[in-house]
Amino acid sequence: MKVAYIKQIDVDKRWKFHKLVDVQLKDNNSIIINTRKIKNKTCIIINRIINKYNIKKVVISKDLRENTKLLESIESIKIVKKRDILIYYIYEMIEYILKIQHIDFYNAEVFVLVNEFSKINVENINLLAAEVKVLNIVTSNLRNFKKYEEEVFKKTGININVTNNKKRGLANARIIVNIDFSEDQLENYNINTNSIIINIKHSIINHKKTFARVNINSIDIDFNDMDEFYSNFDALEVCQVMDKKLPKINGLIGERGIIDESELC
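Parameters and conventions
- Residues numbered from 1 in each chain as written.
- Predicted model: local features only at pLDDT ≥ 70, side-chain atom pairs only at ≥ 80, totals over all residues.
- Heavy atoms only, no water.
- Salt bridge = Lys/Arg side-chain N within 4 Å of Asp/Glu carboxyl O.
- Buried < 20%, exposed > 50% of the residue type's maximum accessible area, 1.4 Å probe, protein only.
- Pairing = 2+ DSSP bridges.
- Helix = DSSP H or I, 4+ residues; strand = E, 2+ residues; numbered from the N terminus.
- Axes fitted to C-alpha atoms, helices over the stretch in contact; angles between N-to-C directions.
- 1 Å grid on protein atoms, 1.4 Å probe; cavity = no way out; pocket = protein on both sides within 12 Å on 5 of 7 lines; lining within 4 Å.
- Points joined across faces, edges and corners; volume = space filled by probe spheres on them.
- Nonpolar A, V, L, I, M, F, W, Y, C, P; charged D, E, K, R; others polar.
- Contact = heavy atoms within 4.5 Å.
- Expected span 1.5 Å × (residues − 1).
- Arc of directions from axis to C-beta.
- Parallel < 35°, antiparallel > 145°, perpendicular 65-115°, else oblique.
- Left-handed = near helix turned anticlockwise from the far one by under 90°.

Q: What should I look at first to understand the pattern of salt bridges in this one?
A: Between side chains of opposite charge, a pair can form when the charged atoms approach closely. On inspection of all chains with the given rule, the structure shows 4 salt bridges. Where E75 meets K78, a salt bridge forms, and the shortest distance between an N and an O atom there is 3.9 Å. What makes K78 buried here is its relative accessible area of 15%.

Quick look at the structure:
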């Protein structure tokens, strides 16, 4: 896989006519694209470079993450996004919480909020169903997930509870994995105010404080063994493109940063 790392660099003002973009070969599989300032011309040059080197994945530095001009100029499917990666680490996040709560997986009850009946979503649900004591799915896609519920029971004997009861479906939930519900959708449900919600597709900011004691929007991982070059990039995104096994989770990240373990008890 060809990877491009895009980062912004500071250039001395004396370099008035310095080129807008500089390319460095990092290794046989990746390049570094250094840029001074994001302009329309800069975006055109960056895209030419991406095409020239047949780049499949693009990792953007933290300081350019909110640059709409740059993000819109690059083919979206090529940009590595943390939110797209979190789906692969649902099990590890639940495991982290249960360890703090001193609860074994096989004694846990987990609620999953999901509408899209996709391969990766079903794989995650299968993994949880085989591990936890009780698995509940809350969805508006009852047609697909009710059928799935029946098929799982016939093949494995595992009971999965599928519902879309907005009043009672999440009233007693303690650990909730929100795969793809938006904040607007969540507000339609009566949610236990002592619940912990792991948000996968959407980062939830609980302005109204009407649901969830803790909202988890990301993870903090051990990045100490990485080269200093990567310090301005998101650790999770770098691990993904390097095909590196997820390092140990140091903590979970919420609305105000790292969540204290006492909040997860």
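Okay, back to it.
Q: Looking at this structure, I do not really get the sheet that holds strand 3 (residues 30-35). What am I missing?
A: Across a sheet, paired strands are connected by hydrogen bonds in the backbone, their directions being either parallel or antiparallel. Strand order across the open sheet formed by 4 strands is 2-3-1-4, with mixed pairing between neighbours. In the strand order of this sheet, the two ends are held by strand 2 (21-27) and strand 4 (57-60), each with one partner. Strand after strand, the sheet turns through a mean of 25° between neighbouring axes, direction not considered.

Q: Can you help me understand the layout of surface pockets in this one?
A: Empty pockets left among the atoms are what a rolling probe the size of a water molecule brings to light. Approximately 400 Å³ is the volume attributed to the largest pocket. Elements represented by at least two residues in the lining of the largest pocket include exactly helix 3 (82-85), strand 11 (218-221) and helix 8 (235-241). Each residue belonging to the lining of the largest pocket can be placed in one class, and the counts come to 8 nonpolar, 1 polar and 8 charged.

Q: What exactly am I supposed to notice about the environment of Y5 here?
A: Mapped onto the elements, Y5 comes out in strand 1 (residues 3-8). Residue Y5 is classed as buried on the basis of its relative accessible area, which comes to 3%. Sequence spacing of Y5 and Q24 is 19 residues, and the spatial spacing of their C-alpha atoms is 9.9 Å. The contacts of Y5, once residues within four sequence positions are left out, are K26, S30, I31, I32, I33, V59, F229, Y230, F233, V241 and M242.

Q: I keep staring at helix 1 (residues 40-52) and nothing clicks. Help me out?
A: Helical geometry: 3.6 residues make up each α-helical turn, so side chains three or four residues apart lie on a common side. Counted at 1.5 Å a residue, the expected span for helix 1 with its 13 residues is 18 Å, and the 19 Å between its end C-alpha atoms agrees. Those residues of helix 1 lying buried are T42, C43, I46, N47, I49 and I50. Looking straight down helix 1, one finds that the buried residues subtend no more than 160° of arc, so they occupy a single side. Opposite the buried face of helix 1, by more than 90 degrees, sit the exposed residues N40, K41, R48, N51 and K52. Its buried side turned inward, helix 1 meets strand 1, strand 2, strand 3, strand 4 and helix 2 (68-73). Trailing helix 1 by a residue or two, N54 shows a phi angle of about 55°, which is positive.

Q: Is there a simple way to think about the side chain of S218 in this case?
A: Within the element layout of this structure, S218 appears in strand 11. The residues contacting S218, other than those within four sequence positions of it, are K82, L86, L252 and I253.

Q: Before we go on, may I ask you to explain the sheet that holds strand 11 in this structure?
A: Pairing is antiparallel across the open sheet formed by 3 strands, whose spatial order is 11-12-13. At either end of the open sheet lies a strand with only one pairing partner, and these are strand 11 and strand 13 (257-258). Where strand 12 (residues 249-254) and strand 13 come together, 2 bridges link them in antiparallel fashion. Directly across from I253, in strand 13, lies its bridge partner I258.

Q: Would you mind going over the packing of helix 5 (residues 119-129) against helix 6 (residues 142-156) with me for this structure?
A: Packed helices, taken two at a time, are described by the angle their axes make and the gap between the axes. Interhelical geometry of helix 5 versus helix 6 gives an angle of 40° and a closest axis separation of 13 Å. As far as their axial angle goes, helix 6 and helix 5 are oblique. The chirality of how helix 5 crosses helix 6 is right-handed. Taken together, the residues of helix 6 that come into contact with helix 5 (itself represented by V122, I125 and N126) are F145, Y148 and V152. A breakdown of the residues in the contact of helix 5 with helix 6 according to their chemical character gives 5 nonpolar, 1 polar and no charged.

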